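# Survey of secondary and tertiary structure
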Amino acid sequence: MAIYKEEAIVLSNEKLSEGVYSIVLKTKDIAKEAIAGQFISVYCNDSSRILPRPISLCEIDKKENTIRVVFRTVGKGTNEFAKYEPNTKVTVLGPLGNGYDLSKQYDNVLVIGGGIGIPPMLQLAKNIQGKKQIVVGYRSKNDMFLYEELQKEAEVFVATDDGSYQTNGTVIDAIKENKLKADAVMACGPMPMLKALKEYCQKNEMDCFISLEERMACGIGACLGCVTKTKKKDHHSKVHNARICTEGPVFDAREVEI
Amino acid sequence: MNTCVNFCGINFKNPVITASGTFGSGQEYSQFVDLNRLGGVVTKGVANLPWKGNPTPRVAEVYGGMLNAVGLQNPGIDTFCKRDIPFLQNYDTNIIVNVCGHTTEEYLEVVERLASENVDMLEINISCPNVKEGGIAFGQDPKAVFDITQQIKKIAKQPIIMKLSPNVTDIKEMAKAAEAGGADAVSLINTITGMKIDINRRSFVLANKTGGMSGPAIHPVAVRMVYETASAVNIPIIGMGGIVNYEDAIEMILAGASLVSVGTANFMDPQSTIKIVEGIEDYMRRYNVSDIKELVGAVHER
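Residues numbered from 1 in each chain as written. Chains lettered and ligands numbered in written order. Predicted model: local features only at pLDDT ≥ 70, side-chain atom pairs only at ≥ 80, totals over all residues. Heavy atoms only, no water.

Identification of chain B as Dihydroorotate dehydrogenase from Lachnobacterium bovis is taken from an unreviewed UniProt entry. According to the UniProt record, the Subcellular location (unreviewed entry) comment for chain B is "Cytoplasm". You can read under Function (unreviewed entry) in the UniProt record for chain B the words "Catalyzes the conversion of dihydroorotate to orotate with NAD(+) as electron acceptor." (UniProt positions renumbered as here; feature names shortened; annotations may be inferred.)

The name that an unreviewed UniProt entry assigns to chain A is Dihydroorotate dehydrogenase B (NAD(+)), electron transfer subunit, with the source organism given as Lachnobacterium bovis. Within the UniProt record for chain A, the comment given under Subunit (unreviewed entry) is "Heterotetramer of 2 PyrK and 2 PyrD type B subunits."

What follows is the structure in structure tokens.
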């Protein structure tokens, strides 16, 4: 699949909750090629910050040729992005990574997002044709970005760290509390959540596809900065270390040792 | 206008090559860069057997640069010869294979295996700061540099470039030792050992604690070391360290480098190498430089 380096244009920038921003970018080719679960590398306009930031695609509009990214401000780069006004030009590279494979039909899929892993689940939920339910984990009631939008795609179950909305606890607690049954899980979120889901799915004999995150440099598979341990020998170096940016970010949970 | 460089008897169409470890074996970047337009491609370090590398996080950004502690993950020489060399042979560019090892024997095994391969030069990595044994251990003692250079030179079929570490008191001594050992050229600088601490977690950002710093912030250090080395040895120099644009490349050439390696800049812009090639050509036209040779080491006192 082709990767494009483009000057994208900011169409809108909106604050969704404390430290969480939503930017819509007009692209030339990226939106046309992109699928759910892929990401883009966003270069800072301040060139002292030399590495692009990998950010997952929250929405892909192929008709309008736009992509939407929803991110949390965690450092200087994302704080720069948060200040972008409409019409700002941003250099981006993408679409990157493999994305979710939707070729296999399931009876019911649980689409699960935790924290800033929630945004890619919106496009994924849109693209899953069969039965699906969404489970999301937020810090608290005041932090529930994208909740209404997710509700348009499927029934949404919420877990909050502080118990201020629906289930008190993790997404696994929400699955158990609501007695959700499915034959596959597709997830993105913090590592403890992904580890718990991997284990839960193994025990319950469900397929489980998880999207991993790692600090990256090149974003295209050359530098070997972002790797995850794998069961099988990886295709590139044959040392059980697959590149998250290229072979991932979405992996079959059975194939990664996290 | 002549941008060609004769380097150790090998013709480079221009002085711009890639820096080991930042460009894979060219495959990933070939979708952004016409490799035919580069003077050469320096591959990621390859060892006798596959290496797993270090745990993650392996990279971190710092002001004006980055740290990496990838730890030379590589598929080993067998896969490399089957996959990477044939790929690069599709292009009209020089192939420089970066060789790494934990022990002298491991380096020699790779060099011997490459003797029958169609590659143009070998760059011997005796300066990787991210592996515990080998790597930099060979590059911080002039005696060790001399010994390993001499042993590799005995069996190498291609010209050898010794890649030097800046993490030494006097890089001139290392360059002289490489020259005395029979090196055809030296390349410098490898990364500068650094460290980053996450103040919120009060822990090291890199799993390896330390990492090699690269990027534009280290460029002045590299220029100084290339200049000093050029005054100390008679073998040609590949200059690298923080080159992100043609100005940086010209500076490095004026300091005494015959070729320049572009590394971290590829992460900042995948088309950096080509832009630098074009920028050098423009500079030569602007200053009426008919042969790039005129610029090598041409810096003079005010």
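## Re the sheet that holds strand β11 (residues 167-168) of chain A
For sheets, the rule is that strands pair by backbone hydrogen bonds, running either parallel or antiparallel. Residues and elements named next belong to chain A. The strand order across the open sheet formed by seven strands is β11-β10-β9-β8-β12-β13-β16, and the pairing between neighbours is mixed. Edge positions in the sheet fall to β11 and β16 (250-252), since each has one partner strand and no second. Pairing geometry for strand β8 (residues 109-114) and strand β12 (residues 184-188), over five bridges, is parallel. Counterpart to Leu110 in the pairing with β12 is Val185. Along the sheet face, helix α3 (residues 119-127) touches β8, β9 (132-138) and β12 and points at about 145° away from the line of β12. Each of β8, β12 and β13 (207-211) touches helix α6 (residues 191-203); the most contacted strand, β12, lies at about 170° to it. (Pairing = 2+ DSSP bridges. Helix = DSSP H or I, 4+ residues; strand = E, 2+ residues; numbered from the N terminus. Contact = heavy atoms within 4.5 Å. Axes fitted to C-alpha atoms, helices over the stretch in contact; angles between N-to-C directions.)

## A closer look at the packing of aromatic side chains
Residue and element names in this part refer to chain B. Under the counting rule described, the total for this entry stands at eleven aromatic pairs over all chains. Pairing Phe7 with Phe12 gives two aromatic rings, centres 6.1 Å apart and planes at 85°, and the pair type is edge-to-face. No difference in accessibility class separates Phe7 from Phe12, as the two residues are buried. For the pair Tyr107 and Phe138, a centre-to-centre distance of 5.3 Å together with 85° between the ring planes defines the contact as edge-to-face. Highlighted residues: Tyr107 in helix α2 (residues 104-114) and Phe138 in helix α3 (residues 136-139), separated in sequence by 31 residues. (Phe/Tyr/Trp six-rings, centres within 6.5 Å; stacked < 30°, edge-to-face > 60°. Buried < 20%, exposed > 50% of the residue type's maximum accessible area, 1.4 Å probe, protein only.)

## Some details on the sheet that holds strand β11 (residues 192-195) of chain B
All names here are of chain B. Pairing within the open sheet is antiparallel, and its four strands lie in the order β5-β6-β14-β11. Two strands lie at the open edges of the sheet, namely β5 (59-62) and β11, each paired on one side alone. For this sheet, the mean inter-axis angle between neighbouring strands, taken without regard to orientation, is 40°. Pairing geometry for strand β6 (residues 65-68) and strand β14 (residues 210-214), over three bridges, is antiparallel. Directly across from Met66, in β14, lies its bridge partner Ser214.

## As for the side chain of Glu214(A)
Of note, Glu214(A) is situated in the loop between β13 and β14 (227-229). Here Glu214(A) is buried and forms no salt bridge, its nearest opposite-charge partner Arg215(A) lying at an N-O distance of 5.6 Å. Separated by 3.1 Å, the side chains of Glu214(A) and Thr56(B) make a polar contact. Setting aside anything within four residues of it in sequence, one finds Glu214(A) in contact with Cys226(A), Val227(A), Ile244(A), Thr56(B) and Pro57(B). (Lys, Arg positive; Asp, Glu negative; His and termini not counted. Salt bridge = Lys/Arg side-chain N within 4 Å of Asp/Glu carboxyl O. Polar contact = N/O pair within 3.5 Å; in protein donor to acceptor, adjacent residues only side chain to side chain.)

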